[in-house]
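Here is what each chain is made of, one letter per residue.
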Amino acid sequence: MQSVNSFDLVIFGGTGDLAMRKLLPALYYRHCAGQLPEDGRIIAAGRGAMDREGYLGFLDEKSRRHLRQAEFNESQWRAFSERIDYVKVDASNADDFRVLAERLGHDEQRVRAFYLSTSPDFFAEICQQLHAVDLVTPKARVVLEKPLGRDLASSSSINEAVGAVFAEHQIYRIDHYLGKEPVQNLMALRFGNALFEPLWNSNRIRDVQITVAEQIGVEERGEFYERTGALRDMVQNHIVQLLCIVAMEPPISIDPDIVRDEKLKVLRALRPFTPEDVVSRTVRGQYRAGAVNGQPVVGYLQEQGIDPSSHTETYVAIKAEIGTWRWASVPFYLRTGKRLQERVTEVVVNFRPVPHSIFPSASRASTPNRLVIRLQPDEGMELHLLAKEPGDQMNLKPVHLNLDFSESFKTRQLEAYERLLMDVLRGNLTLFVRRDELDAAWRWVEPIMAAWQKSGEPPKTYTSGTWGPAAASALINRDARSWPEEG
Ligand code: BG6
């Protein structure tokens, strides 16, 4: 465990949902692990007038319950609280920033990280205010939460404004999927083993399927979700990043820019969508009432903060193509949705069948090999092979080689934000998104957003607790393929 130098971490949006659910718990775990230096300070900044005691009470009420029960320790929690301070900061109030600057002091040797966990509408103003009170020192850095803007134009204007104050190497654009242990394990699997690389191309692979399925609905984030939708919330960032890691060429090293260069090449090779492609290669859905895990749930349109005539999508399926020698003619089927049957994140790699089968067709010899890399909820890997069924007939049956990573490594897994926050403080950019990657991802999804909007058609509805709209099955069945749960 690499320790971290003296730091001040300022969290804008310090009373917000992300801070309570993820950021403060992640910092608490790192505190307990002894990774934070004695003088590491956490300063929550929020618009509410509150003193430090008030904030600590708020934290007790709102954040503590998100800690894993088994890892909670009263005296550690109290010691952790000692690091925390609160400052009232309104993005448009210069005086508030002067107070913040005084609180931080002028030690240029200290790492100062500004985590912007507010609406992106405030990012530009906050950065300008930080600059005006001389807080942007060479050791300062800024962390930007996703989604950054609503499209390429708004994302570019935020990036321009932030870039006018911070250099690119000081900007940490978070995509928390990159901080997940299993996502990094994907890199380890691909580039730490000689086994896969010779098979990792269109000669051997028939298609790749990436699923990020959730059981939760929009929860208390209706207003945010209504403006965002699944394409911007999940596809433009998390799914596209997963796709890059699956599809990229082996980088020459793990150096941040080398890895990001390779991901960028994939993004640039994604085949752009014409309006006709959007009709034939994408599906958007919206959940209606149903039951998840046996519990009745309301439909999207009945959720709090949702316009009852909303066309916002809660489900997306896309057939993507990557125009490179390695991936020519290999479809990448991507899908994500809320209120689906199971919570599962997985990458399924379907291999081509054997070129010539010597076994009679009745023996199911044509079932192709499949590699399933499961990222959530349990991390593991399955290799589907064919083996002879015991008996006097030459019958082939599918068998699974099953690897459960939590069984193999019996250690506690870091949560994505634990790792990413430590990377910010240590200055490691590998797991953060560079501006050109983000721009390329927007460029790829923009024609989809535009065509959906122009069509005026509502999303296809699906019952909560199922695997999404029937049109998503049709999308893949048309190519004589099926989603994993369809067999
Ligand atoms: C967030 C999205 O980025 O990722 C949420 O805004 C989504 O809508 C979440 O629920 C999923 O993350 P995880 O780590 O639970 O898979």
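Up top you'll find the structure we're talking about.
Quick caveat: nothing in here was measured; it's all calculated off a predicted structure.

Q: Can you lay out the side chain of R281 for me, pointing to particular residues and giving the numbers?
A: Residue placement: R281 occurs in helix α10 (residues 275–281). The buried category is assigned to R281, whose relative accessible area is 5%. A polar atom in the side chain of R281 sits 2.7 Å from the backbone oxygen of K319.

Q: A description of the environment of L431 should follow, citing residues and the corresponding values.
A: One can find L431 in the loop between α12 (416–426) and α13 (435–455). Assessed through its relative accessible area of 13%, L431 is described here as buried. Distance from L431 to K180, taken between C-alpha atoms, is 9.8 Å for residues 251 residues apart in sequence. With near-sequence residues (within four places) excluded, L431 lies in contact with L178, G179, Q184, R419, L420 and D423.

Q: Which residues make up empty space enclosed by the protein, and what are the values?
A: Taken as a whole and judged by the stated rule, the model has two cavities of 30 Å³ or more. Of the volumes computed, that of the largest cavity is approximately 140 Å³. As for the largest cavity, its lining consists of 16 residues, of which K146, I174, N237, V433 and L438 are closest to the centre. If you tally residues by element for the lining of the largest cavity, the top one is helix α8 (residues 222–247), at four residues.

Q: Break down the site of the ligand for me, citing the residues and quoting the values.
A: Around the ligand, a shell composed of 13 residues is seen, among which Y177, K180, E214, R221 and D233 lie nearest. H176 places a polar side-chain atom, nitrogen or oxygen, 2.8 Å from an oxygen atom of the ligand. Between an oxygen atom of the ligand and a side-chain N or O atom of R221, the distance comes to 2.5 Å. When the ligand sits alone it has 400 Å² of accessible area, and the protein chains cover 82% of it. At three residues, the largest contribution of residues to the shell around the ligand is made by α8. A class-by-class count of the residues in the shell around the ligand yields three nonpolar, three polar and seven charged.

Parameters and conventions
Residues numbered from 1 in each chain as written. Predicted model: local features only at pLDDT ≥ 70, side-chain atom pairs only at ≥ 80, totals over all residues. Heavy atoms only, no water. Helix = DSSP H or I, 4+ residues; strand = E, 2+ residues; numbered from the N terminus. Buried < 20%, exposed > 50% of the residue type's maximum accessible area, 1.4 Å probe, protein only. Polar contact = N/O pair within 3.5 Å; in protein donor to acceptor, adjacent residues only side chain to side chain. Contact = heavy atoms within 4.5 Å. 1 Å grid on protein atoms, 1.4 Å probe; cavity = no way out; pocket = protein on both sides within 12 Å on 5 of 7 lines; lining within 4 Å. Points joined across faces, edges and corners; volume = space filled by probe spheres on them. Near = heavy atom within 4 Å. Areas by Shrake-Rupley, 256 points an atom, 1.4 Å probe, with all protein chains shown as cover. Nonpolar A, V, L, I, M, F, W, Y, C, P; charged D, E, K, R; others polar.

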